[in-house]
Amino acid sequence: MYRDEEREYRECVKCGFEDSLRLDGRPDPEELQTRVNQERDDKAPSVSEQERDSIQVINFDPNPGQKRRDH
Ligand SMILES: [Zn+2]
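Residues numbered from 1 in each chain as written. Predicted model: local features only at pLDDT ≥ 70, side-chain atom pairs only at ≥ 80, totals over all residues.

A.B. asks: Account for the overall build of the protein, naming residues and giving values.
C.D. replies: When its secondary structure is counted, the protein shows 3 helices and 3 strands. Each helix and strand of the protein, placed in order from N terminus to C terminus, yields the pattern β-β-β-α-α-α. Relative to its full complement of 71 residues, the protein shows a buried share of 0%. For the protein, long-range pairs separated by at least 24 residues make up 26% of all intrachain contacts whose partners lie at least 6 apart in sequence. (Helix = DSSP H or I, 4+ residues; strand = E, 2+ residues; numbered from the N terminus. Buried ≥ 20, exposed ≤ 12 C-beta atoms within 10 Å, placed from the backbone. Contact = placed C-beta atoms within 7 Å.)

See below:
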């Protein structure tokens, strides 16, 4: 576990999973940005069904419990 001015980083020795948290406890701005973008994509008429499928494939995890067993 280590930290810099803004964030604290943790790494799981069992599976190598890495996570980081803001020291001030605020929501991660990157995660917020992702959520906003996805919401826009769902509603935007310019996004084709094919593009939406691509996004879902990228986010899809066939084994959600395997990598993050203890997280
Ligand atoms: Zn782990």
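A.B. asks: An account of the pairing of strand β2 (residues 7–11) is needed here, citing residue identities and associated values.
C.D. replies: Pairing of strand β1 (residues 2–3) with β2, which is carried by 2 bridges, proceeds in the antiparallel orientation. By the bridge assignment for β2, R3 is matched with E8. Hairpin connection of β1 to β2: 3 residues between the antiparallel strands. Bridging between β2 and strand β3 (residues 18–22) involves 5 bridges; their strand directions are antiparallel. Note that in β3 the partner of E8 across the bridge is L21. Connecting the antiparallel pair β2 and β3 is a turn made up of 6 residues, with G16 showing a positive phi of about 80°. (Pairing = 2+ DSSP bridges.)

A.B. asks: Tell me about the sheet that holds β1, and name the residues and values.
C.D. replies: On the basis of which strands lie adjacent, the open sheet formed by 3 strands has the order β1-β2-β3 and antiparallel pairing. Looking at the sheet topology across the chains shown, the edges are occupied by β1 and β3.

A.B. asks: I'd like a rundown of the environment of Y2, residues and numbers included.
C.D. replies: Looking at the element boundaries, Y2 is found in strand β1. Each C-alpha atom, one on Y2 and one on S20, is 9.5 Å from the other, the two residues being 18 residues apart in sequence.

A.B. asks: Tell me about the environment of R10, and name the residues and values.
C.D. replies: Structurally, R10 is set in strand β2. On the neighbour-count criterion, R10 (13 C-beta atoms within 10 Å) is partly exposed. Here the alpha-carbon distance between R10 and S20, two residues 10 residues apart in the chain, equals 6.0 Å. Setting aside anything within four residues of it in sequence, one finds R10 in contact with M1 and D19.

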